[in-house]
Amino acid sequence: MWQNNQMYHMILMDVIMPLCDGYEATSSIRDAELKNGYPATYICGLSSNDDALTQEMCKKSGMDDFCRKPLDATKFNHLF
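Residues numbered from 1 in each chain as written. Predicted model: local features only at pLDDT ≥ 70, side-chain atom pairs only at ≥ 80, totals over all residues. Heavy atoms only, no water.

Enquirer: With reference to specific residues and values, describe helix α2 (residues 52-61).
Expert: Among all positions in α2, only Thr-54, Cys-58 and Ser-61 are buried. The buried residues of α2 occupy one face: seen down the axis, they fall within an arc of 75°. Exposed residues pointing more than 90 degrees away from the buried face of α2 are listed as Ala-52, Leu-53, Lys-59 and Lys-60. Considering only its buried residues, α2 is in contact with α1 (22-36), β4 (42-47) and β5 (65-68). Following α2 by one or two positions, Gly-62 has its phi on the positive side, about 110°. (Buried < 20%, exposed > 50% of the residue type's maximum accessible area, 1.4 Å probe, protein only. Helix = DSSP H or I, 4+ residues; strand = E, 2+ residues; numbered from the N terminus. Arc of directions from axis to C-beta. Contact = heavy atoms within 4.5 Å.)

Enquirer: Before we move on, could you go through the side chain of Thr-26 and cite the residues and values that matter?
Expert: Mapping Thr-26 onto the fold places it in helix α1. Polar contacts involving the side chain of Thr-26 include one to the main-chain carbonyl oxygen of Gly-22, which spans 2.8 Å. With sequence-adjacent residues up to four places away left out, Thr-26 is seen in contact with Met-13, Ile-43, Ser-61, Gly-62 and Met-63. (Polar contact = N/O pair within 3.5 Å; in protein donor to acceptor, adjacent residues only side chain to side chain.)

Enquirer: Describe in detail the sheet that holds β5, supporting the description with residues and values.
Expert: Here three strands make up an open sheet; going across it, the order is β3-β4-β5 and the pairing parallel. Here the strands that pair on one side only, and so sit at the sheet edges, are β3 (10-14) and β5. This sheet shows a mean twist of 25° between the axes of neighbouring strands, independent of strand direction. The pairing of β3 with β4 spans five bridges and is classified as parallel. Along β4, the bridge assignment pairs Asp-14 with Leu-46. With respect to the sheet, α1 is in contact with β3 and β4, its orientation differing from that of β3 by roughly 150°. (Pairing = 2+ DSSP bridges. Axes fitted to C-alpha atoms, helices over the stretch in contact; angles between N-to-C directions.)

Enquirer: I'd love a proper account of the nonpolar core, names of residues and values included.
Expert: Ranked by size, the top nonpolar core spans 10 residues in total: Ile-11, Met-13, Val-15, Tyr-23, Ala-25, Ile-29, Ile-43, Cys-58, Met-63 and Phe-66. By residue number, the principal contributor to this core is α1, which donates three residues. (Core = buried A, V, L, I, M, F, W, Y, C linked by side-chain atoms within 4.5 Å.)

Below is the structure:
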C-alpha cells in the first residue's frame, strides 16, 4: 500500500464496515496496485464471523489471510 510515496507492509482489514466493506476496499486496493505497478500489500481480513463463507469471500476479494476477532497475540505474532 502506498501514500505519499510511503509503502505499508500490512493492512488489518475489518470485513464489516459502513459505506465500503472490507471486501470492496480490498478489491479497490488490489486494482490500484495492478494499475500503478505497485507490489501487493499483505492484507489480513478481520471478522468475528469465522465461517467458511466469510473466509472464502476474504480470499476472493484478494485478502492474503483471515483472522477471527478478537485477535489473540499468538495469531497476531504469526502475521509478522
